[in-house]
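Here is what each chain is made of, one letter per residue.
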Amino acid sequence: MGNTIAVLGSGINNIYPKENLKLANDIIENGGCIISEYPNDAEVKMSNFPKRNRIISAISEGILVIEAKYRSGSTITANLGFKQGKKVFCLPSNIDSKLGVGTNKLIQKGAKLVINVEDIFSELGIKKLREDIVQKWKYEEKNVPKEYKEIYKAIGNSPTDINTICYKTNIPIQEVSQKLTMLEIKEYIRVLPGDMFVKV
Amino acid sequence: MLSIVKTISLFGTVGSIIEVQVDISSGIPTWEMVGMLDKSIQEAKERIKVALKNCRIKIPGKKISINLAPAEIKKEGTNFDLAIAVGVLQNLGIVQPENKDVLYIGEISYDGSIKAVNGILPMCLEAKRLGIKKVYIPYENLNEATFVKDLEILGVKTLQNLIEKNYFFILNKNPVIKEKELNIDMSEVFGQEKVKRALEISAAGEHSIILVGSPGVGKTMLAKRAITIYPELNYEEIIEVMKINSILGNIKENLKINRPFIEISPNITLNAFVGGGRYPKPGAVSIANLGILFMDEFPEFDRNKINLLKNILDTKFVKLDRVSGSAMYPSKFVLIAAMNPCPCGYYASNIKECVCSKNKIRNYLSKIGKAIIDRIDLQVNVKKVDYRFVSKNQIGEKSQDIKERVKQARKLQEERYKKEGILTNSELNSNQIKKYCALDKQTNEFVKELYIKMGLSVRSYNNILKVSRTIADLNYKENIDIQAIAEAVQYRCLEKLYKEGM
């Protein structure tokens, strides 16, 4: 598995925004690193952020943009990547989606449209992955206890809200609530913001 | 010669007996009134003079001096008119003095008729408490006074009635109170099972609840229908509700009274919110007593009001301090608050994308302090209803059915807390929680696991226990079990929102 590299637009003694200090520590603790082209005590300057994106793209082999608004920071990085001759990958989006304007434009410019992980591998010349990594990525239906199965099934592959689960299964709401908690602490499902449930 | 007649003065809901002392003696013809009187009582002089003249009663050309004792109490209102007039009439020998325990309440108009006044119900109740046996009140107020038992109440239409001893009595001492038809029902809401269940729990244990959701998902619609699943008011509760309405003069001829549902918006004035005025009148929090207070756009209420609300939720009454004393009004209501998850309203919604920056969301959430959030037991997300629910044409559960379950759960609580002097689970203090929300070993282990895995804050522990207690009551369980706890933790959405947003 890889590690995280954070590229700062300020000196490494000035983590910005401040609440990301914990994140910075976590990155280092987990074997990643934090780099910056500025002196250690350099102040936070807004104009530095787009500039440091050229370092992000330069140290990468390829750039994958999941979602990007029109003229967002990720588009800047990807465009710099184009100039540096890097490979740029994008997920396609609905043309109505605000968060897809940037990525769709990048695809127009020549970024590779990505549907699955093999699309990236073929471009980077990776032939075969180690078996243990493949196992980890493979989607498999977990073997949930019998009493939770119906609710687990109703969650489907995209985030689902509790009323929909209730509607699909016809189980009383109190029972659904209760079983969702059980599924969550047994780590079969996860809750996203806005009380949307997804399978782990 | 001196004659003394009694009446009553209200401050808040507390009454004090006022003696009207009328003295008529020879001297320069004047009419003096003393005893810390407000403008409205000073004007009584003119009203009574003209009314007596129009009733063909001649006022002698003597010095008339009137004192309203005790003189240290500030007095306001037009309800003293009748007592003053009777005092004069007794002094002139036109009306015979009765024994001491009689009160006269009413406003007099120029033609000698007696007008209705506000606050008759609390006045009569207080009169009874203070040992009064007989009260004369305006005929128009007879209706609301029917609620007072063991007190002789006589209605008078005009001064002439009083002189001729031509009184009106209350015919039916057991008033039949009809509930107003509400014309709304929970079954009209499609889907939204989770919110409905949360409202049911809220009604059963009187838990405060906050609905978080994007504009147009039906927060207000749901809140308005919450009142339909509350149990009907009992006799004592009706009197409590009527008292406040009587002070405000809201009781008209028909005696239809419902559990209050009061909706307020952030631009409400402070006086209208908690009550106010020189002689303090009750505000929205007291009008909502024993019912629901619905606060829409909750984060837009200013700090001042939120802080007051915090105190009121703890104490269950409002105390309005004035130079002349402090008035207390009950304000035991269930709070239903509604808010958007972020300024644009679409954070984590299934309708459209949120355009708020993290900073904007943080500012928005920080407007509602943590202290008030701790007092809201149930926090639930309201999602947009899927069209499938509507097209399936599946009728939801009727309010009446939910109400039956709520009543049953309330009954269990009432029996359990007989000795504690409380009625519902939401009123439990931390000592009582230890006693009544005890968990067995297995459940305790489960709660520990929950806290670690779900990252709940320790502050919410008591809220979760109280809500679990109510869920157990709704499920006819004697003790809180794992199922109850597992359901209760699903109603902590605001806490999660805070964790993501801050």
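Reading the values: rules and limits
- Residues numbered from 1 in each chain as written.
- Chains lettered and ligands numbered in written order.
- Predicted model: local features only at pLDDT ≥ 70, side-chain atom pairs only at ≥ 80, totals over all residues.
- Helix = DSSP H or I, 4+ residues; strand = E, 2+ residues; numbered from the N terminus.
- Buried ≥ 20, exposed ≤ 12 C-beta atoms within 10 Å, placed from the backbone.
- Axes fitted to C-alpha atoms, helices over the stretch in contact; angles between N-to-C directions.
- Parallel < 35°, antiparallel > 145°, perpendicular 65-115°, else oblique.
- Contact = placed C-beta atoms within 7 Å.
- Nonpolar A, V, L, I, M, F, W, Y, C, P; charged D, E, K, R; others polar.
- Domains from an automatic or database assignment.
- Core = buried A, V, L, I, M, F, W, Y, C linked by C-beta atoms within 7 Å.
- Pairing = 2+ DSSP bridges.
- Expected span 1.5 Å × (residues − 1).
- pLDDT = per-residue confidence, 0-100.

## Quick look at the overall build of chain A
Right, so step 1: Broken down by element type, chain A carries 9 helices and 8 strands.
Right, so step 2: In terms of overall dimensions, chain A has a C-alpha envelope of 60 × 40 × 35 Å along the principal axes.
Right, so step 3: Taken over 200 residues, chain A has a buried fraction of 24%.

## Concerning the overall build of chain B
Right, so step 1: Along chain B, the regular secondary structure elements total 21 helices and 19 strands.
Right, so step 2: The dimensions of chain B, computed from C-alpha atoms along their principal axes, are 90 × 50 × 45 Å.
Right, so step 3: Counting every position in chain B, which comprises 502 residues, the buried fraction comes to 44%.

## Let's talk about the packing of helix α7 (residues 193-205) of chain B against helix α19 (residues 461-474) of chain B
Residue and element names in this part refer to chain B.
Right, so step 1: Axis separation between α7 and α19 bottoms out at 9 Å; the angle between their running directions is 95°. Taken as axis vectors, α7 and α19 run roughly perpendicular relative to one another. In contact with Ile 201, Ala 204 and Gly 205 of α7, α19 contributes Lys 466, Val 467, Thr 470, Ile 471, Asp 473 and Leu 474.
Right, so step 2: Taken together, the residues that form the contact of α7 with α19 break down as 5 nonpolar, 2 polar and 2 charged.

## Observations concerning the domain arrangement of chain B
All names here are of chain B.
Right, so step 1: According to the domain assignment, chain B contains domain 1 (2-169) and domain 2 (186-410).
Right, so step 2: Contact with domain 1, which involves 13 residues of that partner, is made by 17 residues of domain 2.
Right, so step 3: Secondary-structure elements contributing two or more residues to the side of domain 1 that touches domain 2 are α4 (120-129) and α5 (142-145).
Right, so step 4: Examining the composition of the side of domain 1 that touches domain 2, we find that 3 residues originate from one element, α4, more than from any other.
Right, so step 5: Grouping the constituent residues of the side of domain 1 that touches domain 2 by class yields 5 nonpolar, 5 polar and 3 charged.

## Here we look at the domain arrangement of chain A
Right, so step 1: When cut into domains, chain A gives domain 1 (5-135) and domain 2 (146-199).
Right, so step 2: Between the C-alpha centres of domain 1 of chain A and domain 2 of chain A there is a distance of 33 Å.

## Side note on the environment of Leu 365 of chain B
Right, so step 1: Here Leu 365 of chain B shows up in helix α13 (residues 358-366).
Right, so step 2: Leu 365 of chain B sits 25 residues away from Asn 340 of chain B along the chain, and the two C-alpha atoms are 9.8 Å apart.

## Some points on the nonpolar core
Right, so step 1: Residues Ala 85, Ile 105, Cys 124, Leu 211 and Ile 292 of chain B are the most contacted members of the largest nonpolar core, which totals 137 residues.
Right, so step 2: It is helix α3 (residues 81-91) of chain B that contributes the most residues to this core, 7 residues altogether.
Right, so step 3: For this core, the domains that each give at least three residues are domain 1 (2-169) and domain 2 (186-410) of chain B.
Right, so step 4: Counting 13 residues, the second largest nonpolar core, distinct from the first, contains Ile 151, Ile 162, Ile 165 and Leu 183 of chain A.

## Things to note about the pairing of strand β19 (residues 378-382) of chain B
Residue and element names in this part refer to chain B.
Right, so step 1: Of all 5 residues that make up β19, 5 are buried, and the element is covered over most of its length.
Right, so step 2: Of the two faces of β19, the one lined by Leu 378, Val 380 and Val 382 and the one lined by Gln 379 and Asn 381 are each fully buried.
Right, so step 3: Of the pairings in the sheet, the one linking strand β11 (residues 209-213) to β19 comprises 5 bridges and is parallel in character. Pairing of Leu 211 across the sheet is with Val 380, part of β19.

## Observations regarding the interface of chain A and chain B
Right, so step 1: The interface of chain A with chain B comprises 20 residues on the first partner and 25 residues on the second.
Right, so step 2: Where the side of chain A that touches chain B is concerned, the elements lending two or more residues are α8 (162-169) and α9 (173-185) of chain A.
Right, so step 3: A per-element tally of the side of chain A that touches chain B places α9 of chain A first, with 9 residues.
Right, so step 4: The class makeup of the residues in the side of chain A that touches chain B is 9 nonpolar, 7 polar and 4 charged.

## Section: the sheet that holds strand β18 (residues 334-339) of chain B
Residue and element names in this part refer to chain B.
Right, so step 1: Here 5 strands make up an open sheet; going across it, the order is β12-β15-β18-β11-β19 and the pairing parallel. The sheet is open, and its two borders are formed by β12 (261-264) and β19, each paired with just one other strand. Between one strand and the next, the sheet's axes are offset by a mean angle of 20°, whatever the strand orientation.
Right, so step 2: Its contacts with the sheet put α7 on β11, β18 and β19, and the angle it makes with β19 is roughly 160°.

## Points about α19 of chain B
Residues and elements named next belong to chain B.
Right, so step 1: For α19, built from 14 residues, the straight-helix expectation of 20 Å at 1.5 Å per residue is met to within 8% by its first-to-last C-alpha distance of 20 Å.
Right, so step 2: Of all 14 residues making up α19, 12 are buried, and the element is well covered by its neighbours.
Right, so step 3: Within α19, the full set of buried residues consists of Asn 463, Ile 464, Leu 465, Lys 466, Val 467, Ser 468, Arg 469, Thr 470, Ile 471, Ala 472, Asp 473 and Leu 474.
Right, so step 4: Against α7, β19, α16 (399-416), α17 (430-436) and α20 (482-488) lie the buried residues of α19.
Right, so step 5: Count one or two residues on from α19 and you reach Tyr 476, which has phi positive near 55°.

## Notes on the confidence of the model for chain B
A low pLDDT means the predicted coordinates there should not be read in detail.
Right, so step 1: Model confidence for chain B is summarised by a mean pLDDT of 89, while 96% of its residues fall at 70 or above.
Right, so step 2: For this predicted complex, the interface confidence score (ipTM) comes to 0.83, while the overall pTM stands at 0.84.

## Quick word on the environment of Glu 445 of chain B
Residues and elements named next belong to chain B.
Right, so step 1: Topologically, Glu 445 is positioned in helix α18 (residues 441-454).
Right, so step 2: The class of Glu 445 is exposed, set by 12 C-beta atoms lying within 10 Å.
Right, so step 3: For the pair Glu 445 and Ile 482, spaced 37 residues apart in sequence, the C-alpha to C-alpha distance is 9.8 Å.

## Quick notes on the sheet that holds strand β5 (residues 112-113) of chain A
All names here are of chain A.
Right, so step 1: A sheet is described by the order of its strands in space; here 3 strands give the open sequence β3-β4-β5, paired in parallel fashion. The sheet terminates laterally at β3 (62-65) and β5, the two strands that pair on one side only.
Right, so step 2: Here 2 bridges tie strand β4 (residues 87-90) to β5, and the two strands are oriented parallel to one another. Along β5, the bridge assignment pairs Phe 89 with Lys 112.

## What about the environment of Gln 178 of chain A?
Right, so step 1: Tracing the chain through its elements places Gln 178 of chain A in helix α9.
Right, so step 2: What makes Gln 178 of chain A buried here is the crowd of 22 C-beta atoms within 10 Å.
Right, so step 3: Among all residues touching Gln 178 of chain A, those that are not within four sequence positions of it are Gln 483, Ala 486 and Glu 487 of chain B.

## Notes on α7 of chain B
Residues and elements named next belong to chain B.
Right, so step 1: Between its first and last C-alpha, α7 extends 19 Å over 13 residues, near the 18 Å set by a 1.5 Å rise per residue.
Right, so step 2: By the criterion of burial, α7 is predominantly enclosed, with 13 of the 13 residues buried.
Right, so step 3: Directly beyond the C-terminal end of α7, a positive phi value near 55° is found at Glu 206.

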